[in-house]
Amino acid sequence: MPFQDIIDDYTLGATGSIATTDGGTVGCTVSGTAANVGWNNTPDGARVNANDTQTLEIGFDRVVTGLTVTMSGSDSNEFYHIEINGSKVNLADLVASGDVTFTQTVAATHTLNADGTISGGHHSDQSVAELQFNIPAASIRIFGSGGTPGNWDVFEVGINSASFTAVCFANGTMIETKTGQRAVEDIQEGDRVMMVLSRLRSGL
């Protein structure tokens, strides 16, 4: 997959603009608490702790497909969870259904677990896992469990440079938000979207 690194600053409140493959742009805002860090094959990533004290969260001002994440530096006793659109996803199930494409490079020691998390790799083997989300996403959050503040992994949020696009919804499409369902044309910047993946797929 043609991974393109598009976010290098994971400081809380950092913003940016991402070009889509059809010539448009998508804005993004960092709202997590992860620190900027470089490690092995990930020079400009976010340090996510394995005990949920430093998390990575990014919101987009448009719903996108082709969002891609790389991961390196973990150990087998650290488990990392991913939320898309405010809901925790089961990575193993999404890979099995084709909604996420999972590849690895170098040592290839990362593991998808039955509980939906990803673990494995090692801080010394330079294994890099890549997760491409083929489902629409308005936000992504990554957090850890199973470790201590001294256990952490490096995540890099990027795009598939061949397929990153913004999703368009027709007027009248009902979108689930934190305050209930609303027509897409009534949603404003700053509204928290709580989209269910199956609803997104059927609504395209």
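Residues numbered from 1 in each chain as written. Predicted model: local features only at pLDDT ≥ 70, side-chain atom pairs only at ≥ 80, totals over all residues. Heavy atoms only, no water.

**Let's talk about the overall build of the protein chain**
And then number 1: Across its full length, the protein chain carries two helices and 18 strands.
And then number 2: The proportion of buried residues among the 204 residues of the protein chain is 46%.
And then number 3: Taking the intrachain contacts of the protein chain between residues at least 6 apart in sequence as the baseline, contacts between residues at least 24 apart amount to 72%.
And then number 4: By element, 48% of the accessible surface of the protein chain is carried by carbon and sulfur atoms, the whole surface being about 8,800 Å². (Helix = DSSP H or I, 4+ residues; strand = E, 2+ residues; numbered from the N terminus. Buried < 20%, exposed > 50% of the residue type's maximum accessible area, 1.4 Å probe, protein only. Contact = heavy atoms within 4.5 Å. Areas by Shrake-Rupley, 256 points an atom, 1.4 Å probe, with all protein chains shown as cover.)

**Some details on the pairing of strand β8 (residues 79-84)**
And then number 1: Burial of β8 is extensive: five of the six residues sit out of reach of the surface.
And then number 2: Note that β8 and strand β14 (residues 137-145) share six bridges and pair antiparallel. Counted as the bridge partner of Phe 79 is Ser 145 from β14.
And then number 3: When β8 meets strand β9 (residues 87-88), the two strands line up antiparallel, connected through two bridges. Directly across from Glu 83, in β9, lies its bridge partner Lys 88.
And then number 4: Joining the antiparallel neighbours β8 and β9 is a turn of two residues, in which Asn 85 adopts a positive phi near 55°. (Pairing = 2+ DSSP bridges.)

**A look at the environment of Gly 45**
And then number 1: Here Gly 45 shows up in strand β5 (residues 42-49).
And then number 2: In this structure, the C-alpha to C-alpha distance between Gly 45 and Ile 7, residues 38 residues apart in sequence, is 8.1 Å.
And then number 3: Setting aside anything within four residues of it in sequence, one finds Gly 45 in contact with Tyr 10, Ala 35, Asn 36, Val 37, Val 154, Phe 155 and Glu 156.

**A few points about the confidence of the model for the protein chain**
And then number 1: Of the residues in the protein chain, 89% have a pLDDT of 70 or more, and the chain-wide mean is 84.
And then number 2: Low pLDDT, under 50, characterises residues 195-204; the predicted model gives this stretch 21 contacts beyond four residues in sequence or across chains. (pLDDT = per-residue confidence, 0-100.)

**Quick look at the side chain of Arg 141**
And then number 1: Mapping Arg 141 onto the fold places it in strand β14.
And then number 2: Dropping the residues within four chain positions of it, Arg 141 is found in contact with Asp 52, Thr 55, Leu 56, Glu 57, His 81, Ile 82 and Glu 83.

**Some thoughts on the pattern of salt bridges**
A side chain of one charge can pair with a side chain of the opposite charge when the charged atoms of the two come close.
And then number 1: If you walk through the whole model with that rule in mind, you get two salt bridges.
And then number 2: Notably, a salt bridge pairs Asp 52 with Arg 141, separated by 3.5 Å at the nearest N-O pair. Taken together, the positions of Asp 52 in the loop between β5 and β6 (56-65) and Arg 141 in strand β14 put the pair 89 residues apart, joining distant regions of the chain.
And then number 3: On the basis of relative accessibility, which here comes to 37%, the residue Asp 52 falls in the partly exposed class.
And then number 4: Linked through salt bridges whose partners overlap, the residues forming this network are Asp 52, Glu 83 and Arg 141. (Salt bridge = Lys/Arg side-chain N within 4 Å of Asp/Glu carboxyl O.)

**Examining unusual backbone geometry**
And then number 1: Of note in this structure, Asp 52 is not a glycine but carries a positive phi near 70°.
And then number 2: Of note in the backbone geometry, Asn 85 takes a positive phi value of approximately 55° without being a glycine.
And then number 3: Considering the arrangement of structural elements, one finds Asn 85 in the loop between β8 and β9.
And then number 4: Of the residues examined, Asn 85 reaches a relative accessible area of 0% and is grouped as buried.

**Focus: the nonpolar core**
And then number 1: Judged by nonpolar contacts, the single largest core of 38 residues is most densely connected at Leu 56, Ile 58, Phe 60, Ile 82, Phe 133 and Ile 140.
And then number 2: The biggest single contributor to this core is β6, with four residues.
And then number 3: Other than its neighbours up to four places away in sequence, Ile 82 contacts Ser 87, Lys 88, Val 89, Leu 91, Leu 131, Phe 133, Ile 140, Arg 141 and Ile 142. (Core = buried A, V, L, I, M, F, W, Y, C linked by side-chain atoms within 4.5 Å.)

**As for the environment of Asn 171**
And then number 1: For Asn 171, the position within the fold is in the loop between β16 (165-166) and β17 (174-177).
And then number 2: For the pair Asn 171 and Asp 186, spaced 15 residues apart in sequence, the C-alpha separation works out to 9.3 Å.

**A few points about the side chain of Asp 153**
And then number 1: Within the secondary structure layout, Asp 153 lies in strand β15 (residues 152-160).
And then number 2: For the buried Asp 153, no salt bridge exists, and the shortest N-O distance to an oppositely charged side chain is 10 Å, to Arg 47.
And then number 3: With sequence-adjacent residues up to four places away left out, Asp 153 is seen in contact with Ala 46, Arg 47, Val 48, Met 71, Ser 72, Gly 73, Ser 74, Tyr 80 and His 110. (Lys, Arg positive; Asp, Glu negative; His and termini not counted.)

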